[in-house]
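Fold and geometry: a report
Chain residues, written in single-letter form:
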Amino acid sequence: MQDMQLLEEGLSLMALGMGFVFVFLTLLVIVTTLMSKAIGRFFPEPVAPPVPARGRGAAPQGQDDDVMVAITAAVHHYRRRHRR
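What you are looking at is a predicted structure, and each value in this text was computed from that prediction instead of being measured.

1. Details of the overall build of the chain
If you tally the helices and strands in the chain, you get 2 helices and 0 strands. Taking all 84 residues of the chain together, the buried fraction comes to 0%. For the chain, the exposed surface amounts to about 8800 Å²; the carbon and sulfur share of it is 68%.

Structure follows, in structure tokens:
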């Protein structure tokens, strides 16, 4: 009979320990969530100013035409030199 009583005490102690851990972790999650919401409400992150886009601005139409002519000439020159 003593083995059965020892087993019952062990199971009750295990259930008590697991219950305590479950309650503690549940409270920890709730408190952490509430604390995060409170900090987000009272101390919001500053809004960063928009970063201007890098790159060149709009090029004049004449400049684009000049670039297109130079590329076309380079392609024709390459094709003439590397015919099969």
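After that view, the rundown keeps rolling.
2. Some remarks on a nonpolar patch on the surface
Taken together, Met1, Met4, Leu7, Leu11, Met14 and Met18 make up a surface patch of nonpolar side chains, about 720 Å² in accessible area. The topology assignment puts Met1 in the segment before α1 (2-42).

Rules used in this analysis
- Residues numbered from 1 in each chain as written.
- Predicted model: local features only at pLDDT ≥ 70, side-chain atom pairs only at ≥ 80, totals over all residues.
- Heavy atoms only, no water.
- Helix = DSSP H or I, 4+ residues; strand = E, 2+ residues; numbered from the N terminus.
- Buried < 20%, exposed > 50% of the residue type's maximum accessible area, 1.4 Å probe, protein only.
- Areas by Shrake-Rupley, 256 points an atom, 1.4 Å probe, with all protein chains shown as cover.
- Patch = residues over 30% accessible without salt bridge, like charges linked within 9 Å, V, L, I, M, F, W, Y side chains within 5 Å.
- Salt bridge = Lys/Arg side-chain N within 4 Å of Asp/Glu carboxyl O.

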